[in-house]
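# A structural walkthrough
The residues making up each chain are set out below.
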There are 2 protein chains.
Amino acid sequence: MKASAYILFSVMKVAIQGERGSFSHQAALKLLPRAQVLACARSSQVFDALDSGQAGAAVIPVENTLAGPVGEHLDLLLERDVFIQRELRLRIEHNLIAAPGVKLKDLRRGMSHPVALDQCRKFFEKHKTIAAVPFYDTAGSVKHVIAENLRDAAGIAAIQAAEEYGGTVLLKNLEDDRQNVTRFFLILKKRKTLPAADKTSLVFSLKNVAGALFRALSVFALRDLDLSKIESRPVRGRPWEYRFFVDVLRGDDEAMRNALRHLEEVAGTVKVLGVYPRAK
Amino acid sequence: MKASAYILFSVMKVAIQGERGSFSHQAALKLLPRAQVLACARSSQVFDALDSGQAGAAVIPVENTLAGPVGEHLDLLLERDVFIQRELRLRIEHNLIAAPGVKLKDLRRGMSHPVALDQCRKFFEKHKTIAAVPFYDTAGSVKHVIAENLRDAAGIAAIQAAEEYGGTVLLKNLEDDRQNVTRFFLILKKRKTLPAADKTSLVFSLKNVAGALFRALSVFALRDLDLSKIESRPVRGRPWEYRFFVDVLRGDDEAMRNALRHLEEVAGTVKVLGVYPRAK
């Protein structure tokens, strides 16, 4: 029994969005070191892979301490039938990665996703002969410079990208701000709550009446349930209406169940997205 | 006096982020038809232009009904000394724009910003021989296909881009969802409130204690002041702490002034970003 369980686990596929070598790839390996990564071009395909059983798990970024929430992933957590099992906080470290043999002094272009370029402003101020060139993806920029064997360009991406595509790391820690952390969720198709789960993510919609949000939050405040985060998202097809994604620092206990029942009285729809242990 | 005021107005510059021909360009012309557009590569440069007097106004997108908030612009409204004078809602209509003479049947690539590509999925499903190619900017994709005189590619962008770069509109309304609206702010350096101003945008930070948001929202709920939106944003350098951007459907009257005083008692810092007439 043990051996077959091990074999099952060792070949599990974990779906991520974006190229191999990305920060999501790095997060997936931290959460599931033995899993095989399934790289999907689009976020919806990550959820499709989970739904069809092609992947046994998925790892998705949901918020960054500088850039804010990843709205598309919050929307998909609401729409799809999945459950959050764990969260992870990953420090975002940008690396300058070039084709083998290329030297720092050869570089005229630093390519990456505009958000990453924006987080490495001091590097470009210091190296004035290197132009910041926007690219659609961080790891994709490394894949590109190495596939094309560019001699005057480097990509800016996770260290994972150098390993993945056989690039040379010319410089580490290009990021201006060390307080650059991305929060990831490990999601499964079925609800499987870990014993230490002490945090709940949920989403609710509100009727568009005065004081509606205040009443919704009262169900937590009146029970001393602390919120660690609230995020509003637009409702598709109903401009200027919003849903609220909330994290509560509480697992599945009586106070939380009462709060959820109470919330259903005052909110439109309520969905629990996951109950999981808080990240350190 | 009147003539000189007119001359002053007619040459006013309005700063936007991104290439000429963008949706921001279109929004700026709706808000200030006679102004001259100053295109800035980065959002921070838009605010710099306002601060230095190089531009007399700026027009920035702050939220989209499908994609959600433009977090960077909310952050800049907090950091910089500016004031919102008007809001505008602009329907986002995507157009397929190519170099003169290029026909729809010649196309093998449709280039645009990934968000725009994502909003035109039905078009790409219908035209399977045209690949969706990510580009850093919507209007920039049109500028590129025309500057390079590409015969197999088109950009996907605002109609303004065709006019700006001399492109041919091959197809209109590529967007899947007609409920695709972006909200823009017209911002000035000095507070100049219009007479009909009946909406207030403000931002506050919270001490990280249980029930803090609930208490902050009570200052509005207890006075029957209706919120049309609340948005949380991460605080830079303090991971997992947030600021809240709130829109209140009320101008500068006694109830609102009392609410703001009350908010200052319960919140960390409070800043009024603007008082302006609501968009229809």
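Here the structure is a predicted model, which is why all the values come from computation and not from measurement.

## Observations regarding the overall build of chain A
On a plain count of helices and strands, chain A comes out with ten helices and 15 strands. Dimensions of chain A, computed from the C-alpha atoms along their principal axes, are close to 65 × 55 × 35 Å. For chain A, the residues scored as buried account for 48% of the 280 residues in total. Restricting to contacts in chain A with at least 6 residues of sequence separation, those with at least 24 account for 71%.

## Section: the nonpolar core
If you look at the biggest cluster of nonpolar residues, it comprises 156 residues, and the most contacted ones within it are Val14, Ala15 and Ala58 of chain A together with Val14, Ala15 and Ala58 of chain B. Contacts of alanine 15 of chain A, omitting those with residues within four sequence positions, involve Leu38, Cys40, Val46, Ala49, Leu50, Ala55 and Ala58 of chain A.

## A closer look at the sheet that holds strand S6 (residues 95–98) of chain B
Residue and element names in this part refer to chain B. Spatial strand order, S8-S7-S9-S6-S10: five strands in an open sheet with mixed pairing. Every interior strand has two partners, whereas the edge strands, strand S8 (131–134) and strand S10 (168–171), have only one. Strand after strand, the sheet turns through a mean of 40° between neighbouring axes, direction not considered. Relative to strand S9 (residues 153–157), strand S7 (residues 109–112) is paired through three bridges, and the arrangement is parallel. Counterpart to glycine 110 in the pairing with S9 is alanine 154. Across the sheet, helix H7 (residues 138–147) lies against S6, S7 and S9, angled at about 155° from S9, the strand it touches most.

## Concerning the relation of the copies chain A and chain B
In the superposition of chain A on chain B (RMSD 0.0 Å, axial shift 0.0 Å), the rotation amounts to 180°. Here the two chains are linked by the operation of a two-fold rotation axis. When you check the interface residues of chain A against chain B, 100% turn up at the interface there too, and the contact is symmetric in its surfaces.

## Here we look at the interface of chain A and chain B
Contacts between the two partners involve 32 residues from chain A and, on the opposite side, 32 residues from chain B. Looking at the side of chain A that touches chain B, the elements with two or more residues in it are helix H9 (212–221) and strand S13 (227–234) of chain A. Among the elements that line the side of chain A that touches chain B, the one with the most residues is S13 of chain A, at eight residues.

## With respect to the domain arrangement of chain A
All names here are of chain A. For chain A, the assigned domains read domain 1 (2–90 + 180–188), domain 2 (95–171) and domain 3 (199–276). Facing eleven residues of domain 1, the contacting portion of domain 2 comprises 14 residues. Looking at the side of domain 1 that touches domain 2 residue by residue, the classes come out as three nonpolar, six polar and two charged.

## Brief notes about the sheet that holds strand S10 (residues 168–171) of chain A
All names here are of chain A. If you walk across this open sheet you meet the five strands as S8-S7-S9-S6-S10, and the pairing is mixed. With partners counted over all chains shown, the strands left at the sheet margins are strand S8 (131–134) and S10, one partner each. Each strand of the sheet is rotated relative to its neighbour by a mean of 40°, with strand direction disregarded. Sheet topology note: the strand S7 (residues 109–112)/S8 ladder contains four bridges and is parallel. From the neighbouring strand, serine 112 faces S8, where its bridge partner is proline 134. Sheet contacts for helix H7 (residues 138–147): strand S6 (95–98), S7 and strand S9 (153–157); angle to S9, the most-contacted strand, approximately 155°.

## Here we look at H9 of chain A
Along H9 of chain A, eight of the ten residues are buried, which leaves the element largely enclosed by surrounding structure. Here H9 of chain A has its buried residues at Leu213, Phe214, Ala216, Leu217, Ser218, Val219, Phe220 and Ala221 of chain A. Buried-residue contacts for H9 of chain A involve strand S12 (199–205), S13, strand S14 (242–248) and helix H10 (254–266) of chain A together with helix H9 (212–221) and strand S13 (227–234) of chain B.

## With respect to the pairing of S13 of chain B
All names here are of chain B. Burial analysis of S13 places six of its eight residues in the buried class, the great majority of the element. As paired strands, S13 and strand S14 (residues 242–248) are joined by seven bridges and run antiparallel to one another. Note that in S14 the partner of proline 234 across the bridge is tyrosine 242.

## Structural notes on the packing of H9 of chain A against H9 of chain B
For the pair H9 of chain A and H9 of chain B, interaxial distance at closest approach is 10 Å and the crossing angle is 145°. In this structure, H9 of chain A meets H9 of chain B at a crossing whose hand is left-handed. Residues Leu213, Phe214, Leu217, Ser218 and Ala221 of chain A of H9 of chain A lie in contact with H9 of chain B, whose contacting residues are Leu213, Phe214, Leu217, Ser218 and Ala221 of chain B. The class makeup of the residues in the contact of H9 of chain A with H9 of chain B is eight nonpolar, two polar and no charged.

## Brief notes about unusual backbone geometry
The phi dihedral of asparagine 173 of chain A is positive, around 50°, even though this residue is not glycine. Of note, asparagine 173 of chain A is situated in the loop between S10 and strand S11 (181–188). Positive phi, close to 55°, is recorded for aspartate 224 of chain B, a residue that is not glycine. Tracing the chain through its elements places aspartate 224 of chain B in the loop between H9 and S13. According to the C-beta neighbour criterion, aspartate 224 of chain B is exposed, with 10 such atoms within 10 Å.

## Focus: the environment of alanine 255 of chain A
Residues and elements named next belong to chain A. Within the secondary structure, alanine 255 sits in helix H10. Residues alanine 255 and leucine 225, 30 residues apart in the sequence, show an inter-C-alpha distance of 8.1 Å. For alanine 255, the contacting residues outside a window of four places in its chain are Arg223, Leu225 and Arg250.

## Things to note about the confidence of the model for chain A
It should be kept in mind that the predicted coordinates are not to be read in detail where pLDDT is low. Residue and element names in this part refer to chain A. When pLDDT is averaged along chain A, the result is 93; 96% of the residues meet or exceed 70. Every residue in residues 1–5 is under pLDDT 50, and counting partners more than four places away or in other chains gives zero contacts. Across the interface, the model reports ipTM at 0.83; the global pTM reads 0.87.

## Examining the environment of arginine 183 of chain B
All names here are of chain B. Following the sequence through the fold, arginine 183 ends up in strand S11 (residues 181–188). Classification of arginine 183 as buried rests on a count of 21 C-beta atoms within 10 Å. For the pair arginine 183 and leucine 206, spaced 23 residues apart in the sequence, the C-alpha separation amounts to 26 Å.

## A word on the environment of leucine 260 of chain A
Residue and element names in this part refer to chain A. Inspection of the secondary structure assignment puts leucine 260 in helix H10. Judged by the 19 C-beta atoms lying within 10 Å of it, leucine 260 is partly exposed. In the structure, leucine 260 is positioned eleven residues away from lysine 271 in sequence and 9.3 Å away in space, judged by C-alpha atoms.

Scoring rules and cut-offs
Residues numbered from 1 in each chain as written. Chains lettered and ligands numbered in written order. Predicted model: local features only at pLDDT ≥ 70, side-chain atom pairs only at ≥ 80, totals over all residues. Helix = DSSP H or I, 4+ residues; strand = E, 2+ residues; numbered from the N terminus. Buried ≥ 20, exposed ≤ 12 C-beta atoms within 10 Å, placed from the backbone. Contact = placed C-beta atoms within 7 Å. Core = buried A, V, L, I, M, F, W, Y, C linked by C-beta atoms within 7 Å. Pairing = 2+ DSSP bridges. Axes fitted to C-alpha atoms, helices over the stretch in contact; angles between N-to-C directions. Least-squares fit on C-alpha atoms with pLDDT ≥ 70 in both. Domains from an automatic or database assignment. Nonpolar A, V, L, I, M, F, W, Y, C, P; charged D, E, K, R; others polar. Left-handed = near helix turned anticlockwise from the far one by under 90°. pLDDT = per-residue confidence, 0-100.

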